[in-house]
Amino acid sequence: MRNFLLTLALLLPLSAVFALGDIHSVTTIKVGQQFVLGGQQRGAFRVKARNSGPVPVSVAERRANGALTELGRLEPGQRATLAFAAGSAALVRNLGEREAELTVVISGDTSFGMGMGYEGLKK
C-alpha cells in the first residue's frame, strides 16, 4: 500500500504536466506597447490569432539569438496561424491610437517557462 501511494504521489504531478493543453486567451494591448509571448520555452509553439479589436496589429518573431523577423500585419477581423521556434518570442505590436485586442489559441510548448508580458515601443 505504501508503494502504491508513493507511486501515485509521483504520477499525479507528471500527469498534470502532460495534461496541459491549448491556452485560450483574449489579450489587450495598450497604445504604444507590444505584447510578448514566449522567449524561454524549450519547444516550438503555434498561435492561432484573430484581431478582435478596432485597430491593426503587427506580428514579429524574436528568435533566441535576438534576430527579429516581421511576420505580417493583422487588420481588424483578420485571422492568422503562426509558428514560432523553440526559445522564440511572438511580438504583437499595437499600431493604432486605441487599445488593441487579440483573441488567441496557443498550442505546442505551453510550459510554465513560456512567459507573457508587455514592452513599450521605441519611437
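For the structure itself, consult the block above.
Residues numbered from 1 in each chain as written. Predicted model: local features only at pLDDT ≥ 70, side-chain atom pairs only at ≥ 80, totals over all residues. Heavy atoms only, no water.

(A) Here's a closer look at the overall build of the protein chain. Counting secondary structure elements, the protein chain contains one helix and nine strands. Each helix (α) and strand (β) of the protein chain, taken in turn from the N terminus, gives the series α-β-β-β-β-β-β-β-β-β. When burial is assessed residue by residue, the protein chain has 33% of its 123 residues classed as buried. When contacts within the protein chain are restricted to residue pairs at least 6 apart in sequence, those whose partners lie at least 24 apart make up 81%. In the form shown here, the protein chain has an accessible surface area of approximately 7,700 Å², with 57% of it arising from carbon and sulfur atoms. (Helix = DSSP H or I, 4+ residues; strand = E, 2+ residues; numbered from the N terminus. Buried < 20%, exposed > 50% of the residue type's maximum accessible area, 1.4 Å probe, protein only. Contact = heavy atoms within 4.5 Å. Areas by Shrake-Rupley, 256 points an atom, 1.4 Å probe, with all protein chains shown as cover.)

(B) Local environment of the packing of aromatic side chains. For the structure on display, the rule yields two aromatic pairs. Seen in terms of ring centroids, Phe45 and Phe84 are 5.1 Å apart; in terms of plane orientation they differ by 20 degrees. Their pairing is stacked. In this pair, Phe45 sits in strand S3 (residues 45–51) while Phe84 sits in strand S6 (residues 79–84), placing the two residues 39 residues apart along the sequence. Judged by relative accessible area, Phe45 falls into the buried class, the value being 1%. Given the relative accessible area of 2%, Phe84 is considered buried. (Phe/Tyr/Trp six-rings, centres within 6.5 Å; stacked < 30°, edge-to-face > 60°.)

(C) Inspection of the environment of Gln41 at higher detail. Inspection of the secondary structure puts Gln41 in the loop between strand S2 (33–38) and S3. Polar side-chain contacts of Gln41 include one of 2.8 Å to the backbone nitrogen of Gly39. (Polar contact = N/O pair within 3.5 Å; in protein donor to acceptor, adjacent residues only side chain to side chain.)

(D) Examining the sheet that holds S2 more closely. Strand order across the open sheet formed by five strands is S5-S4-S7-S2-S9, with antiparallel pairing between neighbours. Two strands in the sheet have a free side with no partner beyond their single neighbour: strand S5 (68–74) and strand S9 (116–120). Adjacent strand axes in the sheet meet at a mean angle of 25 degrees, parallel and antiparallel pairs treated alike. Here six bridges tie strand S4 (residues 57–62) to S5, and the two strands are oriented antiparallel to one another. Residue pairing across strands places Ser58 opposite Arg73, the latter belonging to S5. (Pairing = 2+ DSSP bridges. Axes fitted to C-alpha atoms, helices over the stretch in contact; angles between N-to-C directions.)

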